[in-house]
Structure formats: structure tokens, C-alpha cells
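# Tertiary structure, described
Next come the chains, spelled out residue by residue.
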Amino acid sequence: MVYDFIIAGAGVIGGMLARELSRYNISVCILEKENDVSMGASKANSGIVHGGFDPHPGTLKAKMNVEGVDLLYQAAEDLHVPYKKNGSLVVAFSETEAEHLQMLYDRGIENKVEGMSIVSGDEARKIEPNLSEKVVSALVVPSAGIICPYELTIAAVGNAMDNGAELKRNFEISEIIKEDDIFVINSSAKEQVKGRFFINCAGAFSDKIAELAGDGFFKIIPRAGEYLLLDKSEGIRVSHTIFQVPNENGKGILVSPTVDNNLLTGPTAAKVDTPDDKNITQKGIDTVIEYAKKSVPSVDFRQVITSFTGVRSSETTGDFIIKASEKVQGLIHVAAIDSPGLSSCVSIAKYVTGIIKENCNIELELKKDWNGSRENPHAFRNMSDEEKSEYIKLHPEYGKIVCRCEKVSEGEIRDAIRRNPIALDIDGVKRRTRSGMGRCQGGFCMPNVMKILAEENGAELQAVTKKGNGSEQLTGRL
Ligand SMILES: Cc1cc2nc3c(=O)[nH]c(=O)nc-3n(C[C@H](O)[C@H](O)[C@H](O)COP(=O)(O)OP(=O)(O)OC[C@H]3O[C@@H](n4cnc5c(N)ncnc54)[C@H](O)[C@@H]3O)c2cc1C
């Protein structure tokens, strides 16, 4: 079969684009090198819906960010993805930093961000009582929010699949050949897929994919960001996202609640040799603690439950690269999507659809039965106790709690293994249900999750992996 569109990469950009394209009577195939979707930057980021004051006016980043915020909130509603419009504060610790806030405010006005204001340190502490006494003023951005980035990606890909798109996992694109106007895509495991148009959404690897496609005109400079995630007991420290004044390394270390009521601190910003370098360093940990405490001194870092690193796909121009290739007909780059890429994912998907309409010789006819919504994966979690009791009478598997920290039932885990895009491994179950996300980080629930995965897939327990081939947890039966 020759697909109409092949999308390289199942991150939030590839996923949201597939969802957008699934509105039309065309065939779409997403190729992903990992065992699950959302395994790149879309898994490990701050999860902030940025208001749009930071990108330089006139850039694609500014346009996509500001246009994208409300579109993203709407998509999150439609897809039942947890989000909260909690607003953000950028805090200044000196008069020089306060002047910078004014510059950010002016930039925000130019970018058409609505509702911003600058308040004094005391006013900021009225809004956020745990802010440092040293804060002299703050930029308040009410349109900013928080969202679960991997749930958004899973939901976008799932919704695209429900509407006919295909997903091929463990398909690492290793060769791209153009034969008679058709892209022939080969994988490192010797699989082959063909398509009329090819869209490069490969995140930090988008320069490699561009090169394979014969149009390697840009270079990604991967920059790692390390985080510390704290227990829900710390989630109450702040209700807004607290940024410091940005510098040449980016938006700096933030302190933010998450949609699941944890507290997130980070990220650092350090150049790394490869996008696969996701190490946590002592230096990174120290930096996160120092700067987070500068904003909110009472954060109790004894309550850290895990750490992680995300890798930004920055490019020297500092802007997104979203355009049809000038060299290879039918190739479109959606590359160098670093921050605010998450905030911009829906507007980017719509912008790329515009590029397709202008550049690709294909009729985009809307499907009559397209459904932009999907079943709420958290319907059970959100029920009252009475509703849960009634539901459990009909579906007893929801009465068995597998993850005690996050109170996730067997029914919810089985759903995650059955719903598009199905969870194939332990981490896939974790990202879809929160089983293993709590204080014990899977210490108690993992064996049961493995059993359910094996049962659902008709596989041996030894075949169950943490995150795809090579991460098996058991070596054999004793
Ligand atoms: C530390 C950090 C903090 C951030 N914070 C925010 C924030 O708060 N708000 C915000 O708006 N944005 C934020 N961002 C930016 C946001 O995370 C990204 O813009 C977004 O996730 C990019 O999505 P993507 O789909 O382009 O890339 P990715 O999510 O990286 O997806 C690319 C996919 O391509 C796949 N792939 C790569 N090579 C191949 C190949 N050869 N074959 C097949 N598949 C391949 C990868 O496995 C991956 O799944 C942050 C980023 C980082 C790293």
C-alpha cells in the first residue's frame, strides 16, 4: 500500500498533526522508532501552556504559541486530557530583573497576549503566599496553564487512530528513497513503508531525518533539561507556575504544580552530545534545588519521588522550522520544535495542514463521520464514591486496586491495554493510568501490572518489558 502521508515521529507534534489530517479522506501512517508514542521531548518537559510573552514578535514561535493556547485547551477538553488554567508568575529579584519583566510585558502586548499585569512583590505574595520575601515584582499571565504532555500525545495519536490513521512502532527510519514520486521508507529492522508525502516530525532527530530525505540544511543542538518531581504533599506549595526571569539558557528553573497535584521543579539547560543523553547529574540536581528554593524557599526536597531529563531540539536560528522542502518535492519539515512546542501543537498541526493545501497535489475532502473526541480514560477516577460502587457492581475489575499510591484499578489498566494506542509495556501502562507514578514508583504494583500485560497480550511474563525490547524484567522461571 502507498499511504498518502507518512509522519516521522509520534511525539505531540506528529500525533496532533495525524489527528488533524485524520479529519480528511486520506491515508496517514505514523512511524515511531520506540515501543510507544511520546517517548521523546513530549514525555519529559515542564507541561506548561505558555501564555506567549516570551517568543520574539514576528517569529513562528510567537505566532504558533499565541494562536495555540486556546486551541490546545479546546483539544484537551475534547480529548479528556487533564489540564488546568492556573496562570503563571515570572518573578524578579532585583530592579534590573524588574526592568526585564517590563520588556517581557511589552513583548507580550506585541504578541497580543491578553490579561497580563505587573504586580509588586507584596501583591505577588498575596497571590502566592510561599513566594520568597526577596521577590520585588512579578509578571502575572492568567492565560498560562498546565497540562499532562504525554497524556495529550497519547490522546492525539489515539484519536487519530480511532479516525483511521495507522501507527507503526519500533520502526526506526534508517533510509529514505524517492522512487517515481513515492517516498520509500526503510527501517533498521528491514521493514518498508511507502507514501506520497513525508512529514518530518522527528523532534531532536529531525536533522537526521532531513539528511536521510536529502534535505539536511539545519542542525539540531540538543539541550538537556533535568527535573525533580516531588510528592503530592508538596503540590500545595504554589497554585500558579512560578518562573524566574529568563536568560540566554531559556526560561530558567520553574516551580509548578502538576495536573496530578505533584510539585515539579526544573529544568536545567545544558548542551549534550546526543539527544539520547538523558542522564541526571549531581550538578543538575544542585542547580534545580538552589533556584527552586530561591523562588519558593519552603519547598521540601526530601519529598522528591523521581527525577527525569528531557532533551530540547534547539536550532541556531532559535525559531521553529515549519516549511515545505525547497529541495525535495513532497517533503515537509516540522522541525526544531523546542519550547513552546507543546503549547503550540494544535496551531502547528493546523499551520502544516495549510502548507499541505498549498504545496501538495492532493484533495483534502473532509470525512463526514470524523469524531474529534474519545472515551474519557479517567471516567472511573473522576466518579463519586457512590458512582464507583455502582460501577464496580457491574464491572468487578474496577474494584481491585492495583496501584495503591495512585489508587488505580485493574479495570483501568486493562482499558489502557485495549484502547488506541494500546499500552504494550509497563511504562506505557504507567503513562496512561498513573499506575507506578506515586510515592513507591511502582515498587508494589509492578508485578501485578506485568501479570495483566502478559494476560492481555497472551504472552509469557518473561516477555513483558519496561519500555520495549531489551528492557525485560524477568530472566526466566525458577
Ligand atoms: C526540558 C524541556 C521542557 C519543555 N517545556 C515545555 C513547556 O513547558 N511548554 C511547551 O510548550 N513546550 C515545552 N517544551 C517543548 C516541547 O516538549 C516540545 O516542543 C515538543 O514535545 C516537541 O514535540 P515533537 O513531537 O516535535 O518531538 P518529540 O516528542 O521528541 O517526538 C519526536 C519523535 O520522533 C521519534 N523519532 C526520532 N527519530 C526517529 C526515527 N529515525 N524513526 C522513527 N521515529 C523517530 C522519537 O522517538 C520521538 O518519539 C519543553 C521541552 C523540553 C525538552
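Residues numbered from 1 in each chain as written. Predicted model: local features only at pLDDT ≥ 70, side-chain atom pairs only at ≥ 80, totals over all residues. Heavy atoms only, no water.

## Focus: the overall build of the chain
For the chain, the helix and strand inventory stands at 12 helices and 22 strands. Here the chain has a C-alpha radius of gyration of 22 Å; the compact-globule value for 478 residues is 23 Å, and the two agree. Structurally, the chain occupies a C-alpha span of about 65 × 55 × 45 Å along its principal axes. Within the span of the chain, comprising 478 residues, buried residues form 56% of the whole. A separation of at least 24 residues holds for 72% of the contacts in the chain among residues at least 6 apart in sequence. (Helix = DSSP H or I, 4+ residues; strand = E, 2+ residues; numbered from the N terminus. Rg over C-alpha atoms; globule rule 2.2 N^0.38 Å. Buried < 20%, exposed > 50% of the residue type's maximum accessible area, 1.4 Å probe, protein only. Contact = heavy atoms within 4.5 Å.)

## A short note on the domain arrangement of the chain
You can read the domains of the chain as domain 1 (2-42 + 150-219 + 317-359), domain 2 (88-142 + 221-314) and domain 3 (385-463). Put simply, the middle of domain 2 and the middle of domain 3, counted by C-alpha atoms, are 33 Å apart. With 7 residues of domain 2 at the interface, the matching set in domain 3 holds 6 residues. The interface formed by domain 2 and domain 3 contains 3 salt bridges. (Domains from an automatic or database assignment. Salt bridge = Lys/Arg side-chain N within 4 Å of Asp/Glu carboxyl O.)

## Things to note about the sheet that holds strand S8 (residues 145-147)
Spatially, 3 strands are ordered S3-S8-S4 in an open sheet, and the strand pairing comes out antiparallel. Every interior strand has two partners, whereas the edge strands, strand S3 (48-49) and strand S4 (83-84), have only one. Strand direction decides the pairing type here: S3 and S8, joined by 2 bridges, are antiparallel. Each residue of the ladder has a partner; that of Ile 48, found in S8, is Ile 146. (Pairing = 2+ DSSP bridges.)

## Some details on the pattern of salt bridges
Applying the stated criterion to the full structure yields 31 salt bridges. Here Glu 34 makes a salt bridge to Lys 33, at a shortest N to O gap of 2.9 Å. Judged by its relative accessible area of 29%, Lys 33 is partly exposed. We note a salt bridge from Arg 439 to Asp 231, for which the minimum N-O separation is 3.2 Å. Of the two residues, Arg 439 is situated in the loop between helix H11 (426-433) and helix H12 (446-457) and Asp 231 in the loop between strand S13 (220-230) and strand S14 (241-244); the sequence distance between them amounts to 208 residues. Sharing partners across several salt bridges, the network here consists of Lys 400, Glu 410, Arg 414, Arg 418, Glu 455 and Glu 456.

## Here's the deal with the site of the ligand
Taken together, 37 residues form the shell around the ligand, and within it Glu 32, Ser 42, Ile 48, Ile 337 and Ser 343 come nearest. Between an oxygen atom of the ligand and a main-chain N or O atom of Ala 41, the distance comes to 3.0 Å. With respect to the ligand, the side chain of His 50 contributes an N or O atom lying 3.3 Å from a nitrogen atom. When contributions to the shell around the ligand are tallied by element, the ones reaching two or more residues are helix H1 (12-21) and strand S18 (304-315). Here the shell around the ligand takes 3 residues from S18, the largest share from any one element. The residue makeup of the shell around the ligand, split by class, is 18 nonpolar, 13 polar and 6 charged. In this structure, the shell around the ligand is formed jointly by two domains, domain 1 (2-42 + 150-219 + 317-359) and domain 2 (88-142 + 221-314), each of which donates at least three residues. (Near = heavy atom within 4 Å. Polar contact = N/O pair within 3.5 Å; in protein donor to acceptor, adjacent residues only side chain to side chain. Nonpolar A, V, L, I, M, F, W, Y, C, P; charged D, E, K, R; others polar.)

## Observations regarding the side chain of Asp 319
Considering the arrangement of structural elements, one finds Asp 319 in the loop between S18 and strand S19 (321-324). Although Asp 319 is buried, it forms no salt bridge, and the closest oppositely charged side chain is Lys 61 at an N-O distance of 5.7 Å. Within the structure, the side chain of Asp 319 is placed 3.0 Å from the backbone nitrogen of Lys 61, a separation counted as a polar contact. Leaving out residues up to four positions away in the same chain, Asp 319 has contacts with Thr 59, Leu 60, Lys 61 and Ala 336. (Lys, Arg positive; Asp, Glu negative; His and termini not counted.)

## Structural notes on unusual backbone geometry
Most peptide bonds adopt trans geometry, and most residues besides glycine take a negative phi value. The residue after Ser 339, namely Pro 340, is reached through a cis peptide bond having omega 10°. Tracing the chain through its elements places Pro 340 in the loop between strand S20 (331-335) and helix H8 (345-359). Residue Pro 421 is reached from Asn 420 by a cis peptide bond, and omega for that bond is -15°. One non-glycine residue with positive phi stands out, namely Lys 112, at about 70°. Relative to the elements of secondary structure, Lys 112 occurs in the loop between helix H3 (95-110) and strand S6 (117-120).

## Overview of the pairing of strand S5 (residues 88-92)
By the criterion of burial, S5 is predominantly enclosed, with 5 of the 5 residues buried. Side-chain alternation along S5 places Ser 88, Val 90 and Ala 92 on one buried face and Leu 89 and Val 91 on a second face that is also buried. Judged from the 5 bridges that link them, S5 and strand S7 (residues 137-141) form a sheet pairing that is antiparallel. Bridge pairing links Val 91 to Ala 138 in S7. Here S5 pairs with S14 via 4 bridges, running parallel. Looking at the pairing, Leu 89 lines up with Ile 242 of S14.

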